[in-house]
Amino acid sequence: MLKIRIIPVLLFKNWGIVKSVKFTDLRVVGDPTTNARVFNQRNADELVFLDIIASRENKGPNFEVIKNIAKECFMPLTIGGGINSMEDVDQLFEIGADKLSFNTSLFHNPDLIRAVVGKYGSQAVVASIDVDNSQKLMQVKTRCGTEDTGYTALTAVRLAEDLGVGEILLNSIDRDGTATGYDLELITAVTQASNLPVIACGGCGKLADLLDASRAGADALSAATIFYYVGESIITIKNYLAKEGLPVRLK
């Protein structure tokens, strides 16, 4: 049985790591390098670093910051935000990225994603799908939740599959930072509609939320609020899930 991965997400803006609520109300929670070092030391299975305003402000990746993070990571590192060309892609892999996450390009530059899949393989490409399910319509948005794509979660996943991506990072906009639990309806719908591994993101506020998301079908569990404001750690999460019978990497 595949082990459930615990994956912290670092949201990057203006040289700092921030925590958001419903993709707004951004609060600085530290610097990128220190965050990466701490999560690496505490046995995270992977790390996701997302520049949340790069595409919105038509900026490219901050290679300096990413290079410093990569030096701290002895775990798979996924980078997303502002990746607009194969030159960006090649440089990110050269400085230490293991996977690249695409959000806006999924809908506006699909040829780039096909090219990345063709050169580096499906396992190196993650589709980051941001879903507003507040009206139970599973609307997919881009540019930090400000632009409606016209896609639903299920049609966006089919697009990602057609482009050859290897994994889905499923972000709940309306649960983000609320600590009210993952959107289990959304997770179940997506995991039942696709064979791609799904990383559940958005809403985790207590240990039981992680268990619920796994039982809803998520292959990996992403979190941030529970680390910064609740006081849980990668270690306490994995010990809890192991006691509940889920397969996790403890060492």
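First, a word on what this report is: a plain description of the structure on this page. This structure is a prediction, so every number in the text was calculated from the model and none was measured.

The rules behind each value
- Residues numbered from 1 in each chain as written.
- Predicted model: local features only at pLDDT ≥ 70, side-chain atom pairs only at ≥ 80, totals over all residues.
- Heavy atoms only, no water.
- Axes fitted to C-alpha atoms, helices over the stretch in contact; angles between N-to-C directions.
- Helix = DSSP H or I, 4+ residues; strand = E, 2+ residues; numbered from the N terminus.
- Parallel < 35°, antiparallel > 145°, perpendicular 65-115°, else oblique.
- Left-handed = near helix turned anticlockwise from the far one by under 90°.
- Contact = heavy atoms within 4.5 Å.
- Nonpolar A, V, L, I, M, F, W, Y, C, P; charged D, E, K, R; others polar.
- Buried < 20%, exposed > 50% of the residue type's maximum accessible area, 1.4 Å probe, protein only.
- Lys, Arg positive; Asp, Glu negative; His and termini not counted.
- Salt bridge = Lys/Arg side-chain N within 4 Å of Asp/Glu carboxyl O.
- Arc of directions from axis to C-beta.
- Disulfide = S-S within 2.5 Å.

**Side note on the packing of helix H1 (residues 32–41) against helix H2 (residues 63–72)**
Running from N to C, H1 and H2 cross one another at 20 degrees; their axes reach a closest spacing of 8 Å. One finds that H1 runs roughly parallel with respect to H2. Crossing of H1 over H2 shows right-handed handedness. Mapping the contact onto sequence places Pro32, Thr33, Ala36, Arg37 and Asn40 in H1 and Val65, Asn68, Ile69 and Glu72 in H2. Tallied by class, the residues present in the contact of H1 with H2 amount to four nonpolar, three polar and two charged.

**Remarks on the side chain of Asp130**
Relative to the assigned elements, Asp130 resides in strand S7 (residues 125–132). We note that Asp130 is buried and unpaired, the nearest opposite charge coming from Lys141 at a distance of 10 Å. Discounting chain neighbours no more than four positions away, the residues touching Asp130 are Phe23, Asn103, Gln139, Val140, Lys141, Asn171 and Ile173.

**A few points about helix H5 (residues 110–120)**
Side chains three or four residues apart in an α-helix point the same way, a direct result of the helix having 3.6 residues per turn. Those residues of H5 that fall on the buried side of the exposure criterion are Leu112, Ile113, Val116 and Val117. Relative to the axis of H5, the buried residues are bounded by an arc of 135 degrees and lie together on one face. Turned more than 90 degrees away from the buried face of H5, the exposed residues are Asp111 and Gly118. Directly beyond the C-terminal end of H5, a positive phi value near 95 degrees is found at Gly121.

**Structural notes on the state of the cysteines**
Here, disulfide denotes a covalent bond that connects the sulfur atoms of two cysteines. Going through the model one piece at a time under the given rule, you end up with zero disulfides. The thiol of Cys144 is not disulfide-bonded; the next cysteine sulfur, from Cys201, is found 12 Å away. Cysteine Cys201 shares no disulfide, and the gap to the nearest cysteine sulfur, in Cys204, comes to 9.7 Å. Take Cys201: its relative accessible area is 16%, and that puts it in the buried class.

**Re the pattern of salt bridges**
Evaluated as defined, the whole model comprises 16 salt bridges. Measuring nitrogen to oxygen at the nearest pair gives 2.8 Å for the salt bridge that ties Arg114 to Asp111. Residue Arg114 and its partner Asp111 are located together in helix H5, separated by three residues, close to a single helical turn. As a salt-bridge pair, Lys141 and Asp132 come within 3.3 Å of each other at their nearest N and O atoms. The class for Asp132 is buried, based on a relative accessible area of 12%. Through salt bridges that share partners, Arg5, Glu46, Lys99 and Glu167 make up one connected network.

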